[in-house]
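Examining the three-dimensional arrangement
For reference, the chains in residue letters:
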Amino acid sequence: LSRILRRRERLSNVSTLEDALRLIRDSKKIIILSGAGISTSCGIPDFRSSTGLYSKLQEEGKYNLDDPQQMFDIHYFKENPQVFYSFAKQIYPSNFIPSPCHRWIKMLEDKGKLLRNYTQNIDTLESLAGVEKVLQCHGSFKTASCLRCKTRVPGQTIEPHIMSQQVPYCGSCRTKRDEEINRKKEMKKGKGKAKAKAQWDDNDDDDSEEDEWGGGEPGIIKPDITFFGQALDSEFDQCLFQDREEVDLLVIIGTSLKVAPVSEVLTHIPHSVPQIYINLTPVYHVQPDICLLGDADSIVNDLSSQLGWDIPPPIAITNG
Ligand code: CNA
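Residues numbered from 1 in each chain as written. Predicted model: local features only at pLDDT ≥ 70, side-chain atom pairs only at ≥ 80, totals over all residues.

**Looking at the overall build of the protein**
Of the regular secondary structure elements, the protein holds 14 helices and nine strands. Each of the 320 residues in the protein was classed as buried or not, and the buried ones make up 33%. A fraction of 70% describes how many contacts in the protein between residues 6 or more apart in sequence connect residues 24 or more apart. (Helix = DSSP H or I, 4+ residues; strand = E, 2+ residues; numbered from the N terminus. Buried ≥ 20, exposed ≤ 12 C-beta atoms within 10 Å, placed from the backbone. Contact = placed C-beta atoms within 7 Å.)

**Observations concerning the sheet that holds strand β7 (residues 249-253)**
The strand order across the open sheet built from six strands is β3-β2-β1-β7-β8-β9, with neighbouring strands paired in parallel fashion. Strands with a single pairing partner mark the edges of an open sheet, and in this sheet they are β3 (134-136) and β9 (290-293). On average, each strand axis in the sheet is tilted by 15° relative to the strand beside it, whichever way the strands run. Bridge analysis of strand β1 (residues 30-34) against β7 gives five bridges, and the strand direction is parallel. Looking at β7, one finds that S34 is bridged to I253. (Pairing = 2+ DSSP bridges. Axes fitted to C-alpha atoms, helices over the stretch in contact; angles between N-to-C directions.)

**Re the packing of helix α6 (residues 100-110) against helix α14 (residues 296-307)**
Running from N to C, α6 and α14 point in directions that differ by 35°, and their axes come no closer than 8 Å. Side by side, α6 and α14 meet where P100, C101 and W104 of the first sit next to A296, D297, V300, N301 and S304 of the second. When the residues that make up the contact of α6 with α14 are grouped by side-chain class, the tally is five nonpolar, two polar and one charged. (Nonpolar A, V, L, I, M, F, W, Y, C, P; charged D, E, K, R; others polar.)

**Some points on the UniProt feature "binding site: Zn(2+)" (unreviewed entry) in the protein**
Here the UniProt feature "binding site: Zn(2+)" (unreviewed entry) sits at C146, C149, C170 and C173. The greatest C-alpha distance among the residues just named is 8.4 Å, despite their covering 28 residues of sequence, which places them together in space. The topology assignment puts C146 in strand β4 (residues 139-146). If sequence neighbours within four positions are ignored, C146 has contacts with T151, C170, S172, C173, G219 and I221. Along the chain, the position of C173 falls in helix α9 (residues 171-194). Once residues lying within four places of it in the same chain are set aside, the contact partners of C173 are C146, R148, C149, P218 and G219. (UniProt positions renumbered as here; feature names shortened; annotations may be inferred.)

**Brief notes about the environment of P313**
Checked against the element boundaries, P313 lands in the segment after α14. Considering only alpha carbons, one finds P313 and W104, 209 residues apart in sequence, at a separation of 9.9 Å.

**Observations concerning the site of the ligand**
In the vicinity of the ligand there are 28 residues, among which G35, G37, D46, F47 and N121 approach most closely. Broken down by class, the residue content of the shell around the ligand amounts to eight nonpolar, 15 polar and five charged. (Near = placed C-beta within 6 Å.)

**Some points on unusual backbone geometry**
Here A260 and P261 are connected by a cis peptide whose omega angle stands at 5°. Located in the positive-phi region is T124, a residue other than glycine, with phi close to 60°. Within the secondary structure layout, T124 lies in the loop between β2 (114-119) and α7 (125-128). When the 18 C-beta atoms within 10 Å are taken as the criterion, T124 is described as partly exposed. With phi around 55°, L257 is a residue other than glycine that occupies positive phi space.

**Quick notes on the sheet that holds β4**
Note on sheets: strands pair through backbone hydrogen bonds, and any given pair is parallel or antiparallel. As summarised here, the arrangement of the three strands in space is β5-β4-β6, forming an open sheet in which the pairing is antiparallel. Of all the strands in the sheet, the pair left with one neighbour each is β5 (152-154) and β6 (221-225). Ignoring strand direction, the axes of neighbouring strands in this sheet form an average angle of 40°. Where β4 lies against β6, four bridges are found, and the strand directions are antiparallel. Paired with S145 across the strands is K222, a residue of β6.

Structure (structure tokens):
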């Protein structure tokens, strides 16, 4: 509480749209912390809104989940990968066009004001809008990895599986397994020559050879999006450690701030750094200095026009 009171006292003259305009105009090292709310206008539902994915999953009930969050839970995924793959094409980024919010972030970057965009989104629309200083804190569909041998492949490799709702298995594991089986077969052949003819029958057992490889199928491939129960890439800590020394304004857009550790960015930057929260719905578990409630696209459009800044127009997306 004392921290909140100190902040309120320090920012007692900061509570209006004019203050937000002044802060954005004067700041040179802005961190943008963004979430699913900046992509809803692109047609990608968020998680927690009344029309979001969680209520949709609950309403549909077809996946038999105890809790809609299980869809993105790593332990559940390992046991039931087909559930995620029967759903994944609904969130796969294809044919989406960046929103005014994405383009607003790009505009701040072009003006030399963006320190970094920490996005929780996995849709890569920031990159599509041309933002370079972006950290995809929860990964993306750009790459995918084998849960068993950790081999990483380009995301396009599993696109056909996502579209046809099939679980992809690792080609690299398969190759390693086949090589191992062949190697053992060769060894046995060599040994067999030196041994008495009566023993060879016992050695010719493919199943036991597979078991020695480790058993089972090749690993499941999972898109490199962070599931509940998975740690964030260490790049997140490194960037935050570096940026906290430089940041002069934190702008939080379109997030419920319910997912840690990204939600904790607010407490990891110095208390002296002002915070502006732009969202459809208010938050009660944190106290940003300025809350601008409403549709994020309309708010950033409004802020820009009042500052006399032009948000870049949508980029033409061409197939291929
Ligand atoms: P969330 O918990 O669903 O919160 C989204 C917030 O955005 C809510 O508070 C909404 O009120 C708000 N919101 C929705 N529409 C608008 C709008 N037009 N203008 C302003 N605010 C709006 O999602 P978070 O991002 O907070 O949670 C982090 C999760 C969501 C991450 O792990 C993401 O990977 C995950 N997610 C990402 C996407 C995506 O990549 N587009 C989509 C759905 C979920």
